[in-house]
Amino acid sequence: MLLGVNIDHIATLRNARGGHEPDILTAVRICKDCDVASITTHLREDRRHIKDEDVELVRKFPRVRLNLEMAMTKEMQEIALRIRPHAVCIVPEKRQEVTTEGGLDVAGQIDWAIEFTKPLLEKNIEVSFFIDPDVHQISAVSKTGAPFIELHTGKYSNAYGTNEEEKAFQDLKGAAIFAQNFGLKVNAGHGLNYENVHRMHEIPYLQELNIGHSIISRAVFVGLEKAVKEMKALCENKQ
């Protein structure tokens, strides 16, 4: 499996004091040197961590694949069409939430999802929808033309090590297989860490894991390069 590193919380730390430290592009360079598959940034509507200028700078960084997480709004669509990241992941968003709490309800807004996706695909921007492991949501995504889904792994991550772990994991695995039968490619992320990520290897043909908080948290103690390399090795099943 490939590893995409979410650098949002580098910006969270920077914004706590203002100024430029820690520097976003230094983080991008370190991740690039570790040969990660992509850099993920979530440009939230309230701009609480990543800013517009951060996205533009990352997009211009040589030989870095930018995955832009964003809400399904007209403003974000226009930003993506202007900046043209390599990929976008469409996520739900609530102003009061600490982090993304669940998957997007694509089925409940399928007409807008189709309309939203079409111009992005026309600009050769890869589109995925961040959804719960739910067959109705997967079926809805298959109607949009988007080639990818990203499965929300939060329920599994929260259940890891408890009696609920196996059911949560099997829900993920079953959803991934169901999506692949529709011809969709499958990524996953949210809450994955150095202890629970190993089970993702039990899901066939999983493409990429997008992981941020756990890597940045470990980097506080061991440095970003070591934290990224350790997670990359786990994703590649080299440990």
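Please refer to the structure placed before this passage.
Residues numbered from 1 in each chain as written. Predicted model: local features only at pLDDT ≥ 70, side-chain atom pairs only at ≥ 80, totals over all residues. Heavy atoms only, no water.

A.B. asks: Please set out the packing of aromatic side chains residue by residue, giving values where relevant.
C.D. replies: Taken as a whole and judged by the stated rule, the model has 4 aromatic pairs. Within the aromatic cluster, the residues linked to one another by ring pairs are Tyr156, Tyr160 and Phe169. Seen from the ring of Tyr194, Arg218 lies directly overhead, with NZ or CZ sitting 5.8 Å from the centre. (Phe/Tyr/Trp six-rings, centres within 6.5 Å; stacked < 30°, edge-to-face > 60°. Lys NZ or Arg CZ within 6 Å of the ring centre and 35° of its normal.)

A.B. asks: Provide a residue-level description of the environment of Lys60, including the pertinent values.
C.D. replies: Mapped onto the elements of the fold, Lys60 is located in helix H3 (residues 52–60). Residue Lys60 is classed as exposed on the basis of its relative accessible area, which comes to 64%. Between the C-alpha atom of Lys60 and that of Leu209, which follows or precedes it by 149 residues, the distance is 23 Å. (Helix = DSSP H or I, 4+ residues; strand = E, 2+ residues; numbered from the N terminus. Buried < 20%, exposed > 50% of the residue type's maximum accessible area, 1.4 Å probe, protein only.)

A.B. asks: Can you break down the packing of helix H2 (residues 24–33) against helix H10 (residues 224–235) residue by residue, with the values?
C.D. replies: Direction vectors running N to C along H2 and H10 enclose 40°, while the axes themselves pass 9 Å from each other. In terms of orientation, H2 lies oblique with respect to H10. Our pair here, H2 against H10, has a crossing hand that is right-handed. The residues of H10 that touch H2, namely those facing Ala27, Ile30 and Cys31, are Leu224, Glu225 and Val228. Per-class residue counts for the contact of H2 with H10 are 5 nonpolar, no polar and 1 charged. (Axes fitted to C-alpha atoms, helices over the stretch in contact; angles between N-to-C directions. Parallel < 35°, antiparallel > 145°, perpendicular 65-115°, else oblique. Left-handed = near helix turned anticlockwise from the far one by under 90°. Contact = heavy atoms within 4.5 Å. Nonpolar A, V, L, I, M, F, W, Y, C, P; charged D, E, K, R; others polar.)

A.B. asks: Quick rundown of the packing of H3 against helix H4 (residues 74–83)? Include the residues and the values.
C.D. replies: Across the interface, H3 lies against H4 with an axial gap of 11 Å and an inter-helix angle of 30°. Of the possible angle classes, the one that applies to H3 and H4 is roughly parallel. Like other packed secondary-structure pairs, H3 and H4 cross with a definite hand, here right-handed. Packed against H3, whose contacting residues are Asp52, Val55, Glu56 and Arg59, the element H4 presents Ile79, Arg82 and Ile83 at the interface. Of the residues belonging to the contact of H3 with H4, the class tally is 3 nonpolar, no polar and 4 charged.

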